[in-house]
Amino acid sequence: MSVEHIISLAILKKKMVFDMGHCDSCSIAHKCKPQILKNYEEATYILSAMENEAEIKLEDVCFIKETQNKESDRRDFFNSITLGNVAKGKHAFEAEVKKATDELVEHTLQKEDIALLKKKRVPEKRKLFFTAIKRVSKPSQFHIVDANEVTFTSQKLLNEDSCTACQMCYRICPTGALTSDIKNSKIDFDPFLCIKCSICHDVCEPDAITLSSSYNVKEFFEPAVQNLVSFKVRRCDECNVIFSTNSNDKMCYRCKAEDEEARSLWGITEDM
Ligand code: SF4
Ligand code: SF4
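A few points on the structure.

Definitions and limits used
Within each chain, residue numbers correspond to sequence positions counted from 1 in written order. As a convention, the first chain written is A and the first ligand written is 1, with the rest following in written order. This being a predicted model, a pLDDT of at least 70 is required before a residue's local features are given, and a value of 80 or more before pairs of side-chain atoms are given or counted; all residues contribute to the totals for chains, interfaces and linings. Excluding hydrogens and water, the side-chain figures rest on all heavy atoms present in the structure. Centre distance within 6.5 Å is the pairing criterion for rings of Phe, Tyr and Trp, where only the six-membered ring of Trp is used; planes under 30 degrees apart are then read as stacked, over 60 as edge-to-face, and the remainder as tilted. Each helix is a run of DSSP H or I of at least 4 residues and each strand a run of E of at least 2, with the numbering of both proceeding from the N terminus. Relative accessibility under 20% of the residue-type maximum defines a buried residue, over 50% an exposed one, and the middle range a partly exposed one, all with a 1.4 Å probe and only protein chains included. Space inside and on the surface of the protein is sampled on a 1 Å grid over the protein atoms alone, with a cavity defined as a set of points where a 1.4 Å probe fits but cannot get out and a pocket as an open set with protein on both sides within 12 Å along at least 5 of 7 lines; lining residues have an atom within 4 Å of a point. Grid points are joined across faces, edges and corners, and a volume is the space filled by probe spheres set on the points. For this classification, Asp, Glu, Lys and Arg are treated as charged, while Ala, Val, Leu, Ile, Met, Phe, Trp, Tyr, Cys and Pro are nonpolar and the rest, including Gly, are polar. Here, two residues are considered to be in contact whenever any of their heavy atoms come within 4.5 Å of each other.

**Overview of the packing of aromatic side chains**
Evaluation of the coordinates by the stated rule reveals seven aromatic pairs. Note on Phe129 and Phe220: the rings are 5.2 Å apart at their centroids and 85 degrees apart in plane angle, and the pair reads as edge-to-face. One end of the pair, Phe129, is in helix α6 (residues 124-134); the other, Phe220, is in helix α9 (residues 218-221), and 91 residues separate them in sequence. Comparing Phe129 with Phe220, the two get one shared label, buried. Both rings, one in Tyr215 and one in Phe220, keep their centres 5.5 Å apart while their planes meet at 35 degrees; by these two values the pair is tilted.

**Things to note about the layout of surface pockets**
Quantified by volume, the second largest pocket comes out at close to 430 Å³. Around the second largest pocket sit 22 residues that line it, and Thr164, Phe243, Ser244, Cys252 and Tyr253 are the ones nearest its centre. If you list the elements that add at least two residues to the lining of the second largest pocket, you get β11 (242-245) and α10 (253-266). Of the residues assigned to the lining of the second largest pocket, the class counts are nine nonpolar, eight polar and five charged.

**What about the side chain of Asp190?**
Tracing the sequence through the fold places Asp190 in the loop between β6 (186-189) and α8 (199-203). Judged by relative accessible area, Asp190 falls into the buried class, the value being 9%. Residues contacting Asp190, with those up to four places away along its chain left out, are Ala177 and Val225.

Shown next as structure tokens:
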């Protein structure tokens, strides 16, 4: 279960118990348990920053489905914990979440919200999160949390001086959190759609795009698209195409690269 699933279900159910009672006898607990604890801590941290009273607990309940024939049930349970079954369980869980999310989205959100979700490539868990948030009241104040403690979304900063307007970040962003317009004259960022996958950081050669060290929970309740940078749009002196830039370049990115390559091949310096 992701942090978004845990927060959403805690909000919707008001109380949630993680049954850790089987962990000590489970062969894959050394892999799963640290992640469960990490996700539990992050979800609890975010819920308190949201001033939400939903309760999440870790308990050693050791729940067994059937009360009769406990011994054989317990054996069956542990025998069934293989990686294959975990994968099947995850798949079934995701299918259930999708079904529940679709129903919730339909009954909770306004038409405009649904249209927005349909337009973007938003993961199911983010839709569920968005829907759950719509059901709770806003906190008395919007708290700022430590961004290092938030794994599922982020706030971005952009250094206008080093950005080369190469378009890579918003073209590759898988959720549409980073976007531009038809003229490529800007970069906009929607923190609510960001899944903190870091792809935009990896492709940005000059490291112009960075993570903010803080995150305002306001983005959960009043998501707003932010303009990170605006570019000049002009026509290339060389090939006549329209291009965007944040410098006084008169040539597009491609012509400039070709020009630099030709100059270096022929040993032509700037002063010549
Ligand atoms: S932020 Fe980086 S990847 Fe995005 S347009 Fe600017 S230089 Fe390119
Ligand atoms: S980390 Fe970057 S690429 Fe990934 S979703 Fe967020 S904005 Fe998009």
